[in-house]
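One-letter residues, chain by chain:
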Protein chains: 2
Amino acid sequence: MSYHYDEKIDGALPSHDCAQILAELSALLPGCEILHEKEDLRPFECDGLSSYRATPMVVVLPETIEEVQALLAFASKRQVPIVARGAGTGLSGGALPLEKGILLVMARFKKIISIDAEACVARVQPGVRNLAISQAAAPFGLYYAPDPSSQIACSIGGNVAENSGGVHCLKYGLTVHNIQKLTIVTIDGELLTLGSDALDCPGFDLLALFTGSEGMLGVIVEVTVKLLTKPQSAKVLLASFDNVENAGRAVGEIIGAGIIPGGLEMMDNLAIRAAEDFIHAGYPVDAEAILLCELDGAEIDVLEDCERVEAILQAAGATDVRLSRDEEERQRFWAGRKNAFPAVGRISPDYYCMDGTIPRRELPRVLRSISELSAEYGLQVANVFHAGDGNMHPLILFDANTPGETERAEGIGARILELCVEVGGSITGEHGVGREKINQMCAQFNSDELSLFHAVKAAFDPAGLLNPGKNIPTLHRCAEFGSMHVHHGELTFPALERF
Amino acid sequence: MSYHYDEKIDGALPSHDCAQILAELSALLPGCEILHEKEDLRPFECDGLSSYRATPMVVVLPETIEEVQALLAFASKRQVPIVARGAGTGLSGGALPLEKGILLVMARFKKIISIDAEACVARVQPGVRNLAISQAAAPFGLYYAPDPSSQIACSIGGNVAENSGGVHCLKYGLTVHNIQKLTIVTIDGELLTLGSDALDCPGFDLLALFTGSEGMLGVIVEVTVKLLTKPQSAKVLLASFDNVENAGRAVGEIIGAGIIPGGLEMMDNLAIRAAEDFIHAGYPVDAEAILLCELDGAEIDVLEDCERVEAILQAAGATDVRLSRDEEERQRFWAGRKNAFPAVGRISPDYYCMDGTIPRRELPRVLRSISELSAEYGLQVANVFHAGDGNMHPLILFDANTPGETERAEGIGARILELCVEVGGSITGEHGVGREKINQMCAQFNSDELSLFHAVKAAFDPAGLLNPGKNIPTLHRCAEFGSMHVHHGELTFPALERF
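Just so we're clear, the structure is a prediction, and the values are computed from it rather than from any experiment.

Here's the deal with the interface of chain A and chain B
Taken together, the contacts link 62 residues of chain A with 62 residues of chain B. The contact between chain A and chain B buries some 5,300 Å² in all, and 64% of this surface belongs to carbon and sulfur atoms. Summed over the three residues of chain A that lose the most area to chain B, namely Leu199, Pro202 and Phe204 of chain A, the buried surface amounts to 15% of that side. Across the contact surface, chain A and chain B share four salt bridges. Its salt-bridge partner being Glu118 of chain B, residue Arg361 of chain A comes within 3.4 Å of it at the nearest N-O pair. The tally of links from chain A across to chain B stands at six residue pairs in polar contact (both at pLDDT 80 or more). Breaking the side of chain A that touches chain B down by element, the ones donating at least two residues are β9 (191-195), α8 (206-210), α11 (299-315), α16 (441-444) and α17 (447-460) of chain A.

Points about the relation of the copies chain A and chain B
With an RMSD of 0.0 Å, the fit of chain A onto chain B corresponds to turning through 180° and sliding 0.0 Å along the axis. Taken together, these values place the two copies in the relation of a two-fold axis.

Points about the state of the cysteines
Scanning the entire structure with this criterion turns up two disulfides over all chains. Here Cys442 of chain A is linked by a disulfide to Cys478 of chain A, with a sulfur-sulfur distance of 2.1 Å. Residues Cys442 of chain A and Cys478 of chain A are joined by a disulfide whose S-S torsion is about -80°; by sign, that bridge is left-handed. Of this pair, Cys442 of chain A sits in helix α16 while Cys478 of chain A sits in helix α18 (residues 475-487), and the two are 36 residues apart along the sequence. Given a relative accessible area of 13%, Cys478 of chain A falls into the buried group. Cys32 of chain A carries a free sulfur, and the closest cysteine sulfur to it, the one in Cys18 of chain A, is 16 Å from it. Of the cysteine sulfurs around Cys120 of chain A, a residue in no disulfide, the closest is that of Cys293 of chain B, at 15 Å. Residue classification places Cys120 of chain A among the buried positions, given a relative accessible area of 12%.

Notes on unusual backbone geometry
Of note, Asn163 of chain A is a non-glycine position whose phi angle comes to about 50°, a positive value. For Cys120 of chain B, which is not glycine, the phi dihedral falls at a positive 60°.

Points about the packing of aromatic side chains
Residue and element names in this part refer to chain A. What the rule picks out here adds up to six aromatic pairs over all chains. A centroid spacing of 6.4 Å and a plane angle of 85° characterise the contact between Tyr143 and Tyr172, whose relative ring orientation is edge-to-face. Remark: Tyr172 occurs in helix α7 (residues 169-172) and Tyr143 occurs in strand β7 (residues 142-143); sequence separation between them is 29 residues. Look at Tyr143 and you get buried, because its relative accessible area is 13%.

A closer look at the pattern of salt bridges
Note on pairing: side chains with opposite charge can pair once their charged atoms come close. Taken as a whole, this structure holds 46 salt bridges over all chains when the rule is applied. Asp461 of chain A is the partner of Lys457 of chain A in a salt bridge, and the nearest nitrogen-oxygen pair spans 2.8 Å. Taken as a pair, Lys457 of chain A and Asp461 of chain A share a single burial class, namely buried. With a closest N to O distance of 3.2 Å, Glu328 of chain B and Arg332 of chain B form a salt bridge. Remark: Arg332 of chain B and Glu328 of chain B occur in helix α12 (residues 327-338); sequence separation between them is four residues, near one turn of the helix. Glu328 of chain B sits in the partly exposed class, given a relative accessible area of 48%. Each of the salt bridges in this network shares a partner with another, and the network as a whole consists of Glu33, Glu63 and Arg108 of chain A.

Quick word on the packing of helix α14 (residues 363-377) of chain A against helix α15 (residues 405-422) of chain A
Residues and elements named next belong to chain A. The contact between α14 and α15 brings their axes to 10 Å, and the two run at 160°. Here α14 is positioned roughly antiparallel relative to α15, judged by the angle of their axes. The hand of the α14/α15 crossing is right-handed. Between α14 and α15, the contacting residues are Arg365, Val366, Ser369, Ile370, Leu373, Ser374, Glu376 and Tyr377 on the first element and Arg408, Gly411, Ile412, Arg415, Ile416, Leu419 and Glu422 on the second. Tallied by class, the residues present in the contact of α14 with α15 amount to seven nonpolar, three polar and five charged.

Conventions and cut-offs
- Residues numbered from 1 in each chain as written.
- Chains lettered and ligands numbered in written order.
- Predicted model: local features only at pLDDT ≥ 70, side-chain atom pairs only at ≥ 80, totals over all residues.
- Heavy atoms only, no water.
- Contact = heavy atoms within 4.5 Å.
- Buried area = accessible area lost by both parts, 1.4 Å probe.
- Salt bridge = Lys/Arg side-chain N within 4 Å of Asp/Glu carboxyl O.
- Polar contact = N/O pair within 3.5 Å; in protein donor to acceptor, adjacent residues only side chain to side chain.
- Helix = DSSP H or I, 4+ residues; strand = E, 2+ residues; numbered from the N terminus.
- Least-squares fit on C-alpha atoms with pLDDT ≥ 70 in both.
- Disulfide = S-S within 2.5 Å.
- Buried < 20%, exposed > 50% of the residue type's maximum accessible area, 1.4 Å probe, protein only.
- Phe/Tyr/Trp six-rings, centres within 6.5 Å; stacked < 30°, edge-to-face > 60°.
- Axes fitted to C-alpha atoms, helices over the stretch in contact; angles between N-to-C directions.
- Parallel < 35°, antiparallel > 145°, perpendicular 65-115°, else oblique.
- Left-handed = near helix turned anticlockwise from the far one by under 90°.
- Nonpolar A, V, L, I, M, F, W, Y, C, P; charged D, E, K, R; others polar.

Dropping the structure here:
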């Protein structure tokens, strides 16, 4: 399978003498690791979206905020584009490097600076792993709520840059709702604080603006996250359905009853079987769909809610409902879900993970349409997703070595995203736009809206040096994409320009 | 008492021929009420901060989105500054008109467009009153959580513009956390959607940026708010203390125990007595401080939490703790708190309401300092506030007719804000910056941070026509303010430039 490289973006960037830049950087940052040999650069060629690759001109691994400031001021002065990278687990190519640019790797910023149990906050460096925060907070009875599937590996700086989600975001909010304060470095090397230690902060809400901005506005050098008290008790209900639509309907009915589960996830038969083969989570392999519904809070409350949810599930047509007997079984139920992506990777040579959101009410309709599209395109689609949030992750199974399958995968992916936008949803839920979905942004937003994004970008980075070619498409690109679109003769949203 | 009018702001604006503007507006908006007679303009001279007043050049009351678009496009074309106004209940002069500008009154946009009980959202026009949303949602068992004290009168558009808070924001978040989607009109008259019906939206988070932007970025013409399920049960604990600091400490201990009350409010003796005289809420008039702690949720949970909180209050030195016996008593306990400001207005010819936030842990220290300052300045200060949020509302009592008292009120107000910034807090919690605190923004932010605010403002409104002179000070103003500051010979934060 060949890798993507978009010459339209890199080609437009100014070229620099690599040896010259290297010499200047070495002089500027004597204490800092700087990589430039081909073999040293290889590990940084892609992030979690491994189908897109590029070799950066140079990789810099600073250890201090002052070094980050000096590096950005240098990039600004010399007009060299720069991409910041956390753990590189992102799924939309947000940390894809530029062949003519610097890759700023924040891996060395992995200190937990302080945990304030009274104020319920932790101050951490951006390279700290998501799970490490909860582990450090555990002795205080606290934890950090947003939990992307990659939480063992992903870093909090990357989580902020992508506004990452996870199973628990239904109840506890996205990353943006769990961040108190950021320290950032601007492209000019200035150190700024966004947010405050108090509840609210005057002026424009730059903290929220920065969260999810995909490295386009500045580089995060410190994060203060909010910590929550660990719920006294948590139980998971595992409900089986002989029909995907019923499962989708049950989701709306649980939320409609005023119950906000800690997590509410759905998997269809293909995903169930793949996960069960891999993890032995105890899933019913003959069910058409399962729902995993976690209820957390005070013990007595959890038991009461479990009864209410069980009744709703039964009424919605569940063929079987099981309550996790103990913590070990609860963890096992989740292990199947959290490993569903690699599990699907075991049953198909290639898979393409989509990430669209839809209003919850549309779940049954969209699931039905996906199943029809699967038949139409002759490709299997496994559904594993944050059902409570309406955040879908259809996994399109294909074999890139079979002629025509890649194009068919591309086609069905496009149709699924089109469907998401059609029913009032969006082209991405939690994985970000990055490089992968930059063309689809032209479908999601009109040119007035995109112009406003560009104006905001220019407020932070007028020369466009920070992560160019990601997140926000140029109007020119959209015009080209639009005409490509007309050329194909039908109103579609190609999932990938080339795959 | 004389009113404020800041010539420095209005003076710098271009002048227009009022009759000419009026003629053009009448031709442009034939179906629209346009006021220009002196007596018709008087009701619009100020908002809730009545010490600042100005007579607008012309007042326009549109009824349709198209009229708002036409009006803003006109303002842009003719370079006439424009201020949008909701219900006019704001406390920082955010809706203060300009003598050389148009006042756009959104009072006619008061339709509740739809309530979607399944998706838990309401689509409303910006002039709809905060409380009216909850009333309309009540038949579905839903409500809108943020509840400013002015919720009977204030409009949701103003709430979004100011990112309003309220008693329940501790548990349920600020306005920004309870908004799903906005439709706005830009200064060029373009209609844009920020946010989406799905959980998350790609691109920069302009929805959060817009919320709390105090009318500087555009005009809100439709709001989709999130609705929550009404808690099954709610109880209020009323705890008395013979010492303000103990009450402050109890606040930190409740939250530290992992309990997030629906509301956690504090009043000191002066406020208690004023409220009791006015409302007869049943408050203990000899207590030095009371805490009102509301616990809400499932009935069984509420009872358990009440027991835990009562134990914490007793251990923190409460001299008496009472649990609301029934809904009637719960409402009465809150009525005293919600009417505390007018109650204080009954015992003093004038009062000046401050609005600063501090990290919760600093409550005892800051309360002690306020009490020392009160003695030093010979002015009474009543404390009524959102203790759980660390959002303080010291009310400084004075008589503007007694020579020197206004200056003393100004002095102590400045010292209190200085204290808030000193301990890591901010100069405003929920009332906004508006015109009132524009100078204090120079103390809160450095020039790099202010420059970034200006750049963001310019991305939306390059000519600076939307609500000029509010929220974000010019660097020039800060330089002037800075030198005034040095001229007085000490590092203070004048609470008001002139009062």
